[in-house]
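Fold and contact review
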Protein chains: 2
Amino acid sequence: MLTIGKLGEAAGVKVPTIRYYEQIGLLPEAERSAGNQRLYSRKAMERLAFIRHARDLGFTLEAIRDLLSLSDRPDQSCAAADAIAKAQLAEVESRLARLTALKAELERMVVQCAGGKIADCRVIEVLGDHSLCATDHRHPEIEATQ
Amino acid sequence: MLTIGKLGEAAGVKVPTIRYYEQIGLLPEAERSAGNQRLYSRKAMERLAFIRHARDLGFTLEAIRDLLSLSDRPDQSCAAADAIAKAQLAEVESRLARLTALKAELERMVVQCAGGKIADCRVIEVLGDHSLCATDHRHPEIEATQ
DNA sequence: CCTAATGTCTCTAGCAACTATAGCTTCAAG
DNA sequence: CTTGAAGCTATAGTTGCTAGAGACATTAGG
Ligand SMILES: [Zn+2]
Ligand SMILES: [Zn+2]
Ligand SMILES: [Zn+2]
Ligand SMILES: [Zn+2]
């Protein structure tokens, strides 16, 4: 059995994050030692590694919750799991498309500015006027931080 | 003079967001009508459009705060503004690189799954074991000090 | 065995950048 | 003059953690 610190080290997850996952019910309540400290089994470690890996691949905690409960029922069809993965792929692709447009616009701004006074700065000028942009990079939703 | 609703419509920003920007000091306190409703000038509209456009390009509110205060001093050098834009470009490029790796991994997962039971699902299997991944897509923990 | 240094406990609050709700007041159209 | 939309303030919720305070547990050294 591992203490929370050892578990975090082993799975590459910070200790408060583990407690947070337990708090929101993503990890089951841990066993406790005589002194009330959390103890984890190898199984718990695998579950945490799964979560961590899915987070690294950009899945939301909500999606991970679903994936975990699916993985607990091995004889069911995997269609739901595949659908979650496909949705995540679509999400990543749409973010990629948007970021690609952003990159082009930012490059244009940076390249076009000759340096000098703010009054003549192409960066400031373009930020004030989207019609100076080459692409329509606007999007109702602004990208999630990731 | 525009009401907050008209301003929001004109600039493509939701009304609560405008009030939020005022609250955090990104927009100055608006003039008020006799009945205490906010009124905006064309100048305020331009400022809001600037903010919105910069947000659309992924700049943080903190960066926008700096850009706005720079744009208020037209005879200063634009080096600082250019630096902010370059930093944003670098940020976008790094996110692009990460998302590209993620996309590849997700595609691999989705393609490799033949469908069937959860027990044989490649999606679940890969999520549980990063060593099945082709790339090292994991989150960088340390900021590059360049 | 004692002590000091970690590690862990709970609880609360904070981060970005909004968004939503509740319970009012004001305004504009009919 | 009435009604319904739009505005006001204030508070809380969102996502996924992260940081702190103050108390208790465990472990390594002397
Ligand atoms: Zn410039
Ligand atoms: Zn633009
Ligand atoms: Zn599958
Ligand atoms: Zn992986």
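Residues numbered from 1 in each chain as written. Chains lettered and ligands numbered in written order. Predicted model: local features only at pLDDT ≥ 70, side-chain atom pairs only at ≥ 80, totals over all residues. Heavy atoms only, no water.

As annotated in an unreviewed UniProt entry, chain A is Helix-turn-helix domain-containing protein from Albidovulum sediminis.

Okay, the coordination of the zinc ion (ligand 3) next. Donor atoms from the polypeptide that bind the zinc ion (ligand 3) are Cys78(A) (SG), Asp82(A) (OD), Asp82(A) (OD), Cys113(B) (SG) and Cys121(B) (SG), placed at 2.1 to 2.8 Å. Within this pair, whereas Asp82(A) is found in helix H5 (residues 79-112), its partner Cys113(B) is found in the loop between helix H5 (79-112) and helix H6 (122-127), the two belonging to separate chains. Residue classification places Asp82(A) among the buried residues on the basis of a relative accessible area of 10%. On the accessibility criterion, Cys113(B) (11% relative accessible area) is buried. (Donors = N, O, S within 2.8 Å, 3.2 Å for Na, K, Ca; no water. Helix = DSSP H or I, 4+ residues; strand = E, 2+ residues; numbered from the N terminus. Buried < 20%, exposed > 50% of the residue type's maximum accessible area, 1.4 Å probe, protein only.)

With that settled, consider the packing of helix H3 (residues 42-56) of chain A against helix H4 (residues 61-71) of chain A. All names here are of chain A. One can describe the packing of H3 onto H4 by two numbers: an axis separation of 10 Å at closest approach and a directional angle of 135°. Put simply, H3 runs oblique to H4. Pair H3 / H4 crosses with right-handed handedness. Between H3 and H4, the residues in contact are Arg-47, Phe-50, Ile-51, Ala-54 and Arg-55 and Leu-61, Ile-64, Leu-67 and Leu-68, respectively. Of the residues assigned to the contact of H3 with H4, the class counts are seven nonpolar, no polar and two charged. (Axes fitted to C-alpha atoms, helices over the stretch in contact; angles between N-to-C directions. Parallel < 35°, antiparallel > 145°, perpendicular 65-115°, else oblique. Left-handed = near helix turned anticlockwise from the far one by under 90°. Contact = heavy atoms within 4.5 Å. Nonpolar A, V, L, I, M, F, W, Y, C, P; charged D, E, K, R; others polar.)

This paragraph deals with the relation of the copies chain B and chain A. Superposition record for chain B on chain A: RMSD 0.2 Å, screw rotation 180°, translation along axis 0.0 Å. When the rotation and shift are considered jointly, the pair of chain copies conforms to a two-fold rotation axis. Scanning chain B for the C-alpha nearest the rotation axis identifies Leu96(B), at a separation of 3.2 Å. A share of 97% of the interface residues of chain B reappears at the interface of chain A, consistent with the copies meeting face to face through the same patch. (Least-squares fit on C-alpha atoms with pLDDT ≥ 70 in both.)

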